[in-house]
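Listed here are the chains, written in short residue letters.
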Amino acid sequence: DGNQLTEIENYTRAQYKEPSKEMFGAAKGKNLIVISMESTQNFVIGQKVNGQEITPFLNEFIKDSYYFDNFYHQTAQGKTSDSEFLLENSLYPLGRGAVFFTHSGNEYMSLAERLKENSYYTAKLHANNKSFWNRDVMYNNFGYDRFYSLPDYEVNEENSVGWGMKDMDFFDQSVEHLKAMPKPFFAKFITLTNHFPFELDEEDKFIDEFDSNSGTLNRYFPTVRYTDEALKLFIEDLKAEGLYEDSIIVIYGDHYGISENHNKAMEQYLGKEITPFVSTQLQRVPMIIHIPGHEGKTISTVTGQIDLRPTLLNLAGIDTKQDIQFGADMFSEEQDNFVALRDGSFITEDVVYTKGVCYDKATGEPTDGASCEPYIEHAKNELSYSDQIIYGDLLRFYEKDEE
Ligand code: GP9
Ligand code: MN
């Protein structure tokens, strides 16, 4: 009930982190282009396979952007939809099932809604069936002005592979949609080609497959490389259309692509044993924010998808102090360097806690539990408060204070 919400509100407000003065409003009035990269983990960034770069475009783009190299996905069974849920609400997805299906009728305070209140046009772009993951229903709830889905694209045999439309064609056709949108817009893209089972046509293979006992991991590298190329062409198009200088561009990975079933092959690629510590570190996904006129900078604060909403709103110059959310602005000087994963694992500056074992980050070896002890309760509280909001549909009781 309402009292339960008050307790949670007190908790989230106590966690509130002041935005960085320098970054607050840095993207005010600009278009916001957010791209969710299917199944892209951070271990491919800056790396090679068979002597060939896996993400040559992103490696260059990062030099000119803010790059968060300790950014974790926090998704569970809802996969891509969970990452969307995190972005919109700064709430944790559920431990079981997909909240996009189970709680699509709840009251939320979405990112899209807040941007709309501040006169942004809001759109989702994803060339798949609109009802996949119950997206059409959930996007309506989140208040999106428009969902460009399958019927908004010309999809044929030629420009499809695997799950559907190829990323290059998707971006190419999406530029026309962008041009038609009122400004400023918030446009959220979801790529598709780098999805299990990682199929590609011959002409789209820019690098060779890896050679291991896992066909999945072997094929993963060329499909990641393909999406990297698609992003490069998209950015070139944005420049040609005069949209690049007026937009901030955010690119991040939705969730892992290579599951623990492929550990043997991953060990071969990484050249090291995959302990639970390494597995947890592999849950990092790329996180890149490009702001025109800003120099590139790598930021190693421990952050996660839960932090996207406050970060993006603050960049747009929109205050979130009164909002119920579990993340914090990633540029804040007060950032607490703490990320809870959905399974109760957590990461801080010094430790990784997973499957009941506390690891020293510097050595990757198990360490005295005392270094993790203070955070175990904190991780549980985070997840449980967020779950209470979802299960009780508590945001319907939320009332904004008078300013
Ligand atoms: C489907 C795409 C993939 O439209 O977003 O979803 P996933 O299987 O990664 O959750
Ligand atoms: Mn996905």
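Residues numbered from 1 in each chain as written. Chains lettered and ligands numbered in written order. Predicted model: local features only at pLDDT ≥ 70, side-chain atom pairs only at ≥ 80, totals over all residues. Heavy atoms only, no water.

A. Unusual backbone geometry, seen in detail. In the segment running from Lys183 into Pro184, the intervening peptide bond is cis, with an omega of -10 degrees. Mapping Pro184 onto the fold places it in the loop between α7 (167-180) and β10 (185-190). Cis geometry marks the peptide bond from Phe196 to Pro197; its omega dihedral reads 5 degrees. Relative to the helices and strands, Pro197 resides in the loop between β10 and α8 (215-240). Residues other than glycine seldom take positive phi values, yet Lys79 does so here, at roughly 40 degrees. Located in the positive-phi region is Lys355, a residue other than glycine, with phi close to 50 degrees. Take Lys355: it is sitting in the loop between β17 (351-354) and β18 (357-360). For Lys355, a relative accessible area of 64% puts it in the exposed group. (Helix = DSSP H or I, 4+ residues; strand = E, 2+ residues; numbered from the N terminus. Buried < 20%, exposed > 50% of the residue type's maximum accessible area, 1.4 Å probe, protein only.)

B. Examining helix α1 (residues 2-15) more closely. The end-to-end C-alpha separation of α1 is 20 Å, in line with the 20 Å expected for 14 residues at 1.5 Å each. Turning to α1, its buried residues number three or more, namely Leu5, Ile8, Glu9, Tyr11 and Thr12. On an axial view of α1, the arc spanned by its buried residues comes to 165 degrees, and they lie on one face. In α1, those exposed residues whose orientation departs by more than 90 degrees from the buried face are Asn3, Asn10 and Ala14. In this structure, the buried side of α1 is in contact with α12 (373-391). (Expected span 1.5 Å × (residues − 1). Arc of directions from axis to C-beta. Contact = heavy atoms within 4.5 Å.)

C. Examining the site of ligand 1 more closely. Around ligand 1 sit Glu38, Lys79, Thr80, His126, Asn128, Phe132, Trp133, Arg135, Trp163, Leu192, His195 and His255, and those are all the residues in its vicinity. At 2.6 Å, a side-chain N or O of His126 approaches an oxygen atom of ligand 1. Contact with the protein chains hides 96% of the accessible area of ligand 1, taken as 310 Å² for the molecule alone. Of the residues belonging to the shell around ligand 1, the class tally is four nonpolar, five polar and three charged. (Near = heavy atom within 4 Å. Polar contact = N/O pair within 3.5 Å; in protein donor to acceptor, adjacent residues only side chain to side chain. Areas by Shrake-Rupley, 256 points an atom, 1.4 Å probe, with all protein chains shown as cover. Nonpolar A, V, L, I, M, F, W, Y, C, P; charged D, E, K, R; others polar.)

D. Here's a closer look at the layout of surface pockets. What the largest pocket holds in volume is close to 490 Å³. Lining the largest pocket are 26 residues, and of these His73, Tyr256, Glu260, Gln283 and Asp343 sit closest to its centre. For the lining of the largest pocket, the elements supplying multiple residues, two or more each, are α9 (263-270) and α10 (276-281). Per element, the largest residue contribution to the lining of the largest pocket is three residues, and it comes from α10. Along the lines of polarity and charge, the residues of the lining of the largest pocket split into eight nonpolar, 13 polar and five charged. Considering only enclosed or pocket space, the second largest pocket measures out at about 330 Å³ in volume. As for the second largest pocket, its lining consists of 13 residues, and the residues nearest its centre are Phe43, Leu270, Lys272, Leu282 and Arg284. Where the lining of the second largest pocket is concerned, the elements lending two or more residues are α9 and α10. Per element, the largest residue contribution to the lining of the second largest pocket is three residues, and it comes from α10. Within the lining of the second largest pocket, the residues separate by chemical class into seven nonpolar, three polar and three charged. (1 Å grid on protein atoms, 1.4 Å probe; cavity = no way out; pocket = protein on both sides within 12 Å on 5 of 7 lines; lining within 4 Å. Points joined across faces, edges and corners; volume = space filled by probe spheres on them.)

E. How the structure looks around the state of the cysteines. Considering all chains together, one arrives at one disulfide under this definition. Here Cys358 is linked by a disulfide to Cys372, with a sulfur-sulfur distance of 2.0 Å. Its S-S torsion of approximately 85 degrees makes the covalent link between Cys358 and Cys372 right-handed. Within this pair, whereas Cys358 is found in strand β18, its partner Cys372 is found in the loop between β18 and α12, the two being separated by 14 residues in sequence. Judged by its relative accessible area of 5%, Cys358 falls in the buried class. (Disulfide = S-S within 2.5 Å.)

F. View of empty space enclosed by the protein. In the structure shown here, the tally under the stated rule is four cavities of 30 Å³ or more. Looking at the largest cavity, its volume works out to about 250 Å³. Forming the walls of the largest cavity are 26 residues, and the residues nearest its centre are Gln15, Lys17, Phe326, Gly327 and Ala328. Breaking the lining of the largest cavity down by element, the ones donating at least two residues are α1, α11 (308-315), β15 (339-340) and α12. It is α1 that provides the largest number of residues to the lining of the largest cavity, a total of three residues. Residues that form the lining of the largest cavity fall into these classes: nine nonpolar, nine polar and eight charged. One number sums up the size of the second largest cavity: a volume of about 60 Å³. Forming the walls of the second largest cavity are Val161, Gly162, Trp163, Gly164, Met165, Leu192, Thr193, His195, Pro197, Phe198 and Glu199. For the lining of the second largest cavity, the class distribution of residues is six nonpolar, four polar and one charged.

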